[in-house]
Amino acid sequence: VAVSRGPGLLGSLLVGVAFAKALALGCGARFLGVNHLHAHLLAAGLENELRFPALGLLVSGGHTHIYRMESPSRCIVLGKTLDDAAGEAFDKVGKILGLAYPGGKLMDALARQGRADARLFPRPYLDNDNLDFSFSGIKTGVLNYMNSERQAGREPNPADVAASFQAAVLDVIVAKTVGAAVDMDKDKIVLAGGVASNSRLREMLQAECKKHDIALYYPDPILCTDNAAMIGCAAYYKYKAGGISDLDLDAVPDLPL
């Protein structure tokens, strides 16, 4: 019986871990706790044969990280968000535009109907020499733009704002990820996390990877958001490497990868 032990909200993790322990004990099964982020990165392996080493891009509501994936069990952080994660920024901007929560899927659809203006919002952390991200400034930029336009008596087109915001965020993510792969001579990129289901992100990564002869792997959209299949996949690799957990395993809300 496999379960996510972290990272995440402690209450949710405790419920899952407690239930998994009881199920394993009641069935006489072995018990295994896995890292939630690790599971996201390996989700593409449910439908593809992943080959290592590769560069991993994890984009979700709580994380925007780039990893060097040396093997199924060894992932090294190369860069991460310093404030809002990309998915969190999508949700917050969606709320500004009057969309329901969570707003990622709705923002994707709305942006498809609009026209992106590259001058509208900045591309933060794009010109520095590291692989970190920062998206809180873009979110604030959207709010300021909406307020200033309305104060001037103009009502912004939500689809154009969504398209411009999405372009600003994805330009940074794609440029940093593909640039890192080229610099480190990696010919494979693994895309993971809830935002990995964003249609425009997939298109942009595919186009840039094709230019540099890089193979791109990502799971079906239903396997990008939190799901049990990815937990089972991560547990499979961990079990093959000899990993079994004791029943005193704890949930860890800030569990590192």
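What you see is a predicted model, and the numbers here were worked out from it, not measured in a lab.

S.K.: Tell me what's going on with the environment of Gly104, and back it up with residues and numbers.
M.R.: Assignment of secondary structure puts Gly104 in helix α4 (residues 104–112). Taking relative accessible area as the criterion, Gly104 reaches 28% and is therefore assigned partly exposed. Spatially, the C-alpha atom of Gly104 lies 41 Å from that of Gly28, the residues being 76 residues apart in sequence. Excluding anything up to four places from it in sequence, Gly104 contacts Phe90 and Asp91.

S.K.: Summarise the confidence of the model for the protein; cite the residues concerned and give the values.
M.R.: In the predicted model, the protein carries a mean pLDDT of 94, and 100% of its residues have values of at least 70. Between the elements of the protein, mean pLDDT differs from a low of 92, seen in helix α5 (residues 136–151), to a high of 97, seen in strand β1 (residues 2–6).

S.K.: If you had to explain the environment of Leu126 to someone new, which residues and values would you point to?
M.R.: Counting through the fold element by element, Leu126 comes out in the loop between α4 and α5. The exposure class assigned to Leu126 is partly exposed, which follows from its relative accessible area of 29%. Residues Leu126 and Lys176, 50 residues apart in the sequence, show an inter-C-alpha distance of 7.2 Å. Leaving out residues up to four positions away in the same chain, Leu126 has contacts with Asp171, Val172, Ala175 and Lys176.

S.K.: So what's going on with the nonpolar core? Which residues, and what values?
M.R.: One finds Phe165, Val169 and Ile173 to be the most contacted residues of the largest nonpolar core, which totals 44 residues. Elements with a contribution of two residues or more to this core: β3 (54–59), α3 (86–96), α4, α5, α6 (158–183), β6 (188–192) and α7 (199–211). In terms of residues, this core owes the most to one element, α6, which gives 14 residues. Residues Leu41, Ala192, Tyr217 and Ala234 belong to the second largest nonpolar core, which totals 22 residues.

S.K.: I'd like a description of the pairing of strand β2 (residues 32–35), backed by residues and values.
M.R.: Each regular strand shows side chains that alternate between the opposite faces of the sheet. Side chains Leu32 and Val34 of β2 all project onto a buried face; the interleaved residues Gly33 and Asn35 project onto the opposite face, where all are buried too. The sheet contact formed by β1 and β2 spans 4 bridges and is parallel. For Val3, the partnering residue across the bridge sits in β2 and is Gly33. In terms of handedness, the path from β1 via helix α1 (residues 10–27) over to β2 forms a crossover that is right-handed.

S.K.: Give me the pattern of salt bridges: which residues, what numbers.
M.R.: Under the defined criterion, the tally for this structure stands at 13 salt bridges. In this structure, Glu149 engages Arg154 in a salt bridge whose closest nitrogen and oxygen atoms are separated by 3.0 Å. Members of the salt-bridge network, linked through shared partners, are Asp84, Glu88, Lys92 and Lys139.

S.K.: Quick one: what's the story with unusual backbone geometry, residue by residue and with numbers?
M.R.: Across the junction of Phe52 and Pro53, the peptide omega takes the value 5°, indicating a cis bond. Considering the arrangement of structural elements, one finds Pro53 in the loop between α2 (36–42) and β3. Residue Pro102 is bonded to the preceding Tyr101 through a cis peptide linkage, with omega at -5°. Relative to the helices and strands, Pro102 resides in the loop between α3 and α4. Even without being glycine, Tyr125 reaches a positive phi, approximately 65°.

Definitions and cut-offs
The numbering scheme is per chain: residues are counted from 1 as the chain's sequence reads. Where totals are concerned, whole chains, interfaces and linings use all residues; where local detail is concerned, this predicted model gives features only for residues with pLDDT of at least 70, and gives and counts side-chain atom pairs only at 80 or more. Derived side-chain values reflect all non-hydrogen atoms in the structure, with water molecules and hydrogen atoms excluded from consideration. Only DSSP runs of H or I with at least four residues qualify as helices, and only runs of E with at least two residues qualify as strands; both kinds are numbered from the N terminus onward. Three exposure classes are used, based on accessible area relative to the maximum for each residue type with a 1.4 Å probe and protein chains only: buried under 20%, partly exposed in between, and exposed over 50%. We call two residues in contact whenever any of their non-hydrogen atoms come within 4.5 Å of each other. Each residue carries a pLDDT score, the predictor's own confidence in it, on a scale running from 0 to 100. Residues belong to one nonpolar core when they are buried, are Ala, Val, Leu, Ile, Met, Phe, Trp, Tyr or Cys, and are joined through side-chain atoms within 4.5 Å. Two strands pair under a simple rule: DSSP has to find at least two bridges between them. Looking down the strands as they point away from you, a crossover is right-handed if its path from the first strand over the helix to the second goes clockwise. Counted as salt bridges are all cases of a side-chain nitrogen of Lys or Arg within 4 Å of a carboxyl oxygen of Asp or Glu.

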